[in-house]
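Coordinate analysis (summary)
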Amino acid sequence: MNISYKWLKRYISLQDDAETVAKILTSIGLEVGTVETIETIRGGLKGLVVGEVLTCEPHPNSDHLHITKVNIGEGEPLPIVCGAPNVAAGQKVIVATIGTVLYDGDESFTIKKGKLRGEDSWGMICAEDEIGVGTDHAGIIVLPADTPVGLPAAEYYHVENDTIIEVDITPNRSDAASHYGVARDLYAYYKAHGQNIALTKPSVEAFKVNNNEMPVKVTVDAPEACPRYSGVSIKGVSVKESPEWLKNSLLAIGLRPINNIVDVTNFVLHECGQALHAFDADKIKGNEIHVRFAKAGEKFVTLDGVEREMNERDLMIANKDEAMCIAGVFGGLHSGVTENTKNVFLESAYFDPVTIRKTSRRHQLQTDASFRYERGCDPNNTLYVLKRAALLIQEVAGGEVAMDVTDIVNGDFKPWDVTIDINRVNSLIGKAIGEETIETILKALEIEIKSKNGAPNGCPSPATRRWQLGVPRYRVDVQRECDVVEDILRIYGYDNVEFPEKLNTSLAYGVKPDPEKLRRKIAEQLSAQGFNEILNNSLTKVSYYEPLEQLPLAKCVKIMNPLSSDLGVMRQTLLFGGLESIARNANRKNSDLKFYEFGNCYYYNAAVREGNDADPLRAYSEEPHLGLWLTGNKAAQSWVRKDEKTTFYQLHAFVNNILVRLGVDIEKVSVERLEHELFADGLVLKAVNGKALGFIGIVNRKQLKAFDIDQEVFYADLDWNALIKQNKQYKAQIVDLPKYPEVKRDFALLVDKSVEFADLARAAFSTEKKLLKNVFLFDVYEGKNLEEGKKSYALSFILQDAENTLKDTQIENVMKRLQQTFESQFHAILR
């Protein structure tokens, strides 16, 4: 939320500069993102001055250009070539002098000396849109004849400088979602720290009802959704452009001025944190307003021109015949204020936060009004804000208040009753800060001290020291003792609580394995191998899972009130988040990527949920996974090497490195072919007990096309819980280095195409458990000169005896047994 420093000073007598104020706000829980100096017109109209056109002659080499001499109040008159059709001698105009920077959106250009069709041009006579004071480009700006020559354009247009403090409002602090709310918090800070400072709330004492010529009857048919509704009509307004002070206030915080009526409602919203809505009173049929829920299937056209089908739990503001507004969210296309409006009905209400939040999410409409209503506004502030807005409308648009104020109240809006124990306050803070300080802070926060130990204005017993408080209703986040303590502490200052000289702790014994330590170990390993860690949102798109059968939408954990369809379910796989990251990087010419992510996946099992009302959470599960993505080139081209694409086998090697680091015996890890709709091919890795450790796959083309990725992507998904269990079984052993040499022997085998290398390796280790140390596949051949349905595997076998040098007879016996195994189990033929 943008806070204008100048605007803020209307309510609090600040002496500190904006940077200091920003630091204070952060210290009291209103974290500041940025502090930026701005101008109401970009560039501040620097270098632009009022000039007088002395002469204007047709350009000899053009049928539309003119050569002018312009007096800018100093030096010789400037020769300026101008193409505007309305330029003429004797005019007062705005001139951009040499060196002036003009802006066009995000682009800018500098005025320089030049020649146009052979004639000197030492400046530029400007149109409205060229300097940011309007949108007209039909001709140059022509000023009144009495405008002084040489007057800076910034003075003529009353350009103001301001400092914008960007405050990141947390969801619980709706009370600070306005300039006055921020000023109120600053006031509490300054008072608690002994500074003499004034907080001024704009007065509404001047408000009065002029007549009762335009009454509007209000009926609240849904009091549970609208506990309070206030309204008043104003007759005879003049809708026009807002005065400069109002426009500049809105422009400073990034809002576009519309007209004086709408601008007042926006100004008051950002001043007080209470949303208002202005209706064209002549469009309120029957002079009746009904606050009701929408009818089933009711259609409504909102201010953006979109026709929406309303839900029966959407609260509507309607006239006698039809809906005019989605309450607290968005106005209607046909009931708002236009340039033809003469009479206005002004609404100021308190709506149920849950109702507004659900409607906002249901229709994907997030507005300044819904932002505040769904977090909770002050139900005791509707009348004040209504009167404040009515007075401002009369100031900028004229008119008379033409009805008695309507104020329908359904509920009790007394302060929250909270009891605090001073001893507990000091205990939670970690320091005894004194009752006088606590009382000062509470009063500065407008928290009433009703009694001390049950005795209003009496002397409490030091033993109990319990205070009864009344917390204002606008503090929706302060309803418990701990909330009050937090408020006291943030105003007192976290930095003012000293650490004790002695810190007490207790010993804790780690349990092996420590999953967090193992995670860090693998993360460091992957980072050292050139991977970048990514962190994606656990909430993801519904559309990713709608067409899938192996990861169906029915097994997704769905969000009840999603912010959008892009965040409608919790992920079942890390794959899609990584593909989004790859697409984003590839679109920015960064296509050689190695990513990894530690993240949780979430699942819903409807079968478990059925008939299990006692423990509905059993249907939900959460599993940690490690995902790896590889795409692009293995190494960039250089003078020593050519481009080399990443491969499936490269990712397989990275996965094997992870398994080895976690103590998994990869020789005992079996593999099976991956059959999955998201992958063209791949392998499933299984432990000795048959449990899956994860898989490695080649993402299929259909998925890559959906993400607009035009290069191969290899993905590995490892079940982190399964790997932790494998690590528990690992016991490090210290062994001597082998004293005797290893022996290498090769086989070339002709086998059926269905035979996998992993099958041959398993059979080999089963046949020779003592001397066989390793098996390698170094060549695969499929093609001509081989029988149909056959392929050739070239295998290397590493043999070694830890106690003796191997003899030829031993080696021959081992190789003979291996040959017999391959022939009997796989019908292999030795080539």
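My aim in this report is to walk through the structure given alongside it, one point at a time. Please read these numbers as outputs of a predicted model, since none were measured by experiment.

1. Details of the packing of helix H7 (residues 260-272) against helix H10 (residues 382-397)
Running from N to C, H7 and H10 cross one another at 140°; their axes reach a closest spacing of 9 Å. Compared by their axis directions, H7 and H10 come out oblique. For the crossing formed where H7 meets H10, the hand is right-handed. Contacts between H7 and H10 involve Asn260, Ile261, Val264, Phe267, Val268, Glu271 and Cys272 on the former and, on the latter, Tyr384, Val385, Arg388, Ala389, Leu392, Ile393, Val396 and Ala397. Considering only residue class, the contact of H7 with H10 consists of 12 nonpolar, one polar and two charged.

2. Some words on unusual backbone geometry
Even without being glycine, His158 reaches a positive phi, approximately 55°. With respect to the element layout, His158 can be found in the loop between helix H4 (153-156) and strand E12 (161-167). For His158, a relative accessible area of 45% gives the class partly exposed.

3. Here's the deal with the pattern of salt bridges
Applying the stated criterion to the full structure yields 40 salt bridges. Note that Lys450 is salt-bridged to Asp417, the shortest N-O span being 2.6 Å. On the criterion of sequence distance, the pair formed by Lys450 in strand E26 (residues 448-452) and Asp417 in strand E25 (residues 416-421) is long-range, its members being 33 residues apart. We classify Asp417 as exposed; its relative accessible area is 60%. Here Glu481 makes a salt bridge to Arg424, at a shortest N to O gap of 3.0 Å. Here Glu481, found in helix H13 (residues 481-492), pairs with Arg424, found in helix H11 (residues 422-429); they are 57 residues apart in sequence, far enough to count as distant. Within this structure, Arg173, Asp175, Asp185, Arg475, Asp477, Asp487 and Arg490 form a network of salt bridges that share partners.

4. What about helix H19 (residues 720-728)?
Looking only at H19, the buried set comprises Trp720, Ala722, Leu723, Ile724, Gln726 and Asn727. The inward-facing, buried residues of H19 abut helix H14 (515-528), strand E32 (593-604), strand E33 (620-631), helix H17 (648-661), strand E38 (692-699) and strand E39 (713-719).

5. Notes on H7
Relative to the 18 Å expected for 13 residues at 1.5 Å per residue, H7 spans 18 Å between its end C-alpha atoms, a close match to the ideal helical length. Across the 13 residues that make up H7, a large majority, 11, are buried. Taken as a whole, H7 has its buried residues at Asn260, Ile261, Asp263, Val264, Thr265, Phe267, Val268, Leu269, His270, Glu271 and Cys272. Taking the backbone nitrogen of Ile261 as reference, a side-chain oxygen 3.1 Å away marks Asn259 as the first, capping residue of H7.

What counts, and at which threshold
- Residues numbered from 1 in each chain as written.
- Predicted model: local features only at pLDDT ≥ 70, side-chain atom pairs only at ≥ 80, totals over all residues.
- Heavy atoms only, no water.
- Axes fitted to C-alpha atoms, helices over the stretch in contact; angles between N-to-C directions.
- Helix = DSSP H or I, 4+ residues; strand = E, 2+ residues; numbered from the N terminus.
- Parallel < 35°, antiparallel > 145°, perpendicular 65-115°, else oblique.
- Left-handed = near helix turned anticlockwise from the far one by under 90°.
- Contact = heavy atoms within 4.5 Å.
- Nonpolar A, V, L, I, M, F, W, Y, C, P; charged D, E, K, R; others polar.
- Buried < 20%, exposed > 50% of the residue type's maximum accessible area, 1.4 Å probe, protein only.
- Salt bridge = Lys/Arg side-chain N within 4 Å of Asp/Glu carboxyl O.
- Expected span 1.5 Å × (residues − 1).
- Polar contact = N/O pair within 3.5 Å; in protein donor to acceptor, adjacent residues only side chain to side chain.

Remember that the coordinates give geometry; whether it matters functionally is a separate question.
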